[in-house]
Amino acid sequence: MSGLWNERAGVGGMVAYQFGAAWCGPCKTLLPRMQAAAAETGVRLEVVDIDRDPEAALAARLAMVPTVILYRDGVEAGRSQGLAAAAWLREQAAGLATP
């Protein structure tokens, strides 16, 4: 992984990274849903624009946008693609909250 992405992904706690782009309609639709899901679950949400940070997109091995990758204590805990990512985040956060 690139150095910058490694720093981002290495953050402790639960962090969800939403990869998207300004030209991506589904990404724009998903963002407020992800913000609400993150607020409900206490997961920190980071938005990564693949056009502004293409190295992060390559390092994350994205197949499409929107993609959400959830990290727990710097380790990838799962990923979801498409508009179902907000519901997926709620389920994942609930399951990962207990050790």
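The coordinates are above.
All of the points below concern the structure found in this document.

Conventions used here
Residues numbered from 1 in each chain as written. Predicted model: local features only at pLDDT ≥ 70, side-chain atom pairs only at ≥ 80, totals over all residues. Heavy atoms only, no water. Helix = DSSP H or I, 4+ residues; strand = E, 2+ residues; numbered from the N terminus. Polar contact = N/O pair within 3.5 Å; in protein donor to acceptor, adjacent residues only side chain to side chain. Phe/Tyr/Trp six-rings, centres within 6.5 Å; stacked < 30°, edge-to-face > 60°. Buried < 20%, exposed > 50% of the residue type's maximum accessible area, 1.4 Å probe, protein only. Disulfide = S-S within 2.5 Å.

Some points on the side chain of Thr67
At step 1: Topologically, Thr67 is positioned in strand β3 (residues 67–72).
At step 2: Engagement of the side chain of Thr67 in a polar contact is seen with the backbone oxygen of Met64, the distance being 2.5 Å.

Things to note about the packing of aromatic side chains
At step 1: One pass over the full model with this rule turns up one aromatic pair.
At step 2: Seen in terms of ring centroids, Tyr17 and Tyr71 are 5.7 Å apart; in terms of plane orientation they differ by 85 degrees. Their pairing is edge-to-face. With Tyr17 in strand β1 (residues 14–20) and Tyr71 in strand β3, this residue pair connects regions lying 54 residues apart in the sequence.
At step 3: A relative accessible area of 3% means that Tyr71 is categorised as buried.

Details of the state of the cysteines
The term disulfide refers to a covalent linkage connecting the sulfur atoms of a pair of cysteines.
At step 1: Applying the stated criterion to the full structure yields one disulfide.
At step 2: Put simply, Cys24 and Cys27 are joined by a disulfide, and their sulfur atoms are 2.3 Å apart. Handedness of the Cys24-Cys27 disulfide follows from its S-S torsion of about 75 degrees: it is right-handed. Like Cys27, Cys24 is buried.

Some words on unusual backbone geometry
At step 1: The step from Val65 to Pro66 runs through a cis peptide bond, and the omega angle for that step is 0 degrees.
At step 2: Tracing the backbone shows Pro66 in the loop between α3 (54–59) and β3.
At step 3: One non-glycine residue with positive phi stands out, namely Arg61, at about 55 degrees.
At step 4: Tracing the sequence through the fold places Arg61 in the loop between α3 and β3.
At step 5: One non-glycine residue, Asp73, lies in the positive phi region at around 50 degrees.
At step 6: Among the structural elements, Asp73 can be located in the loop between β3 and β4 (75–81).

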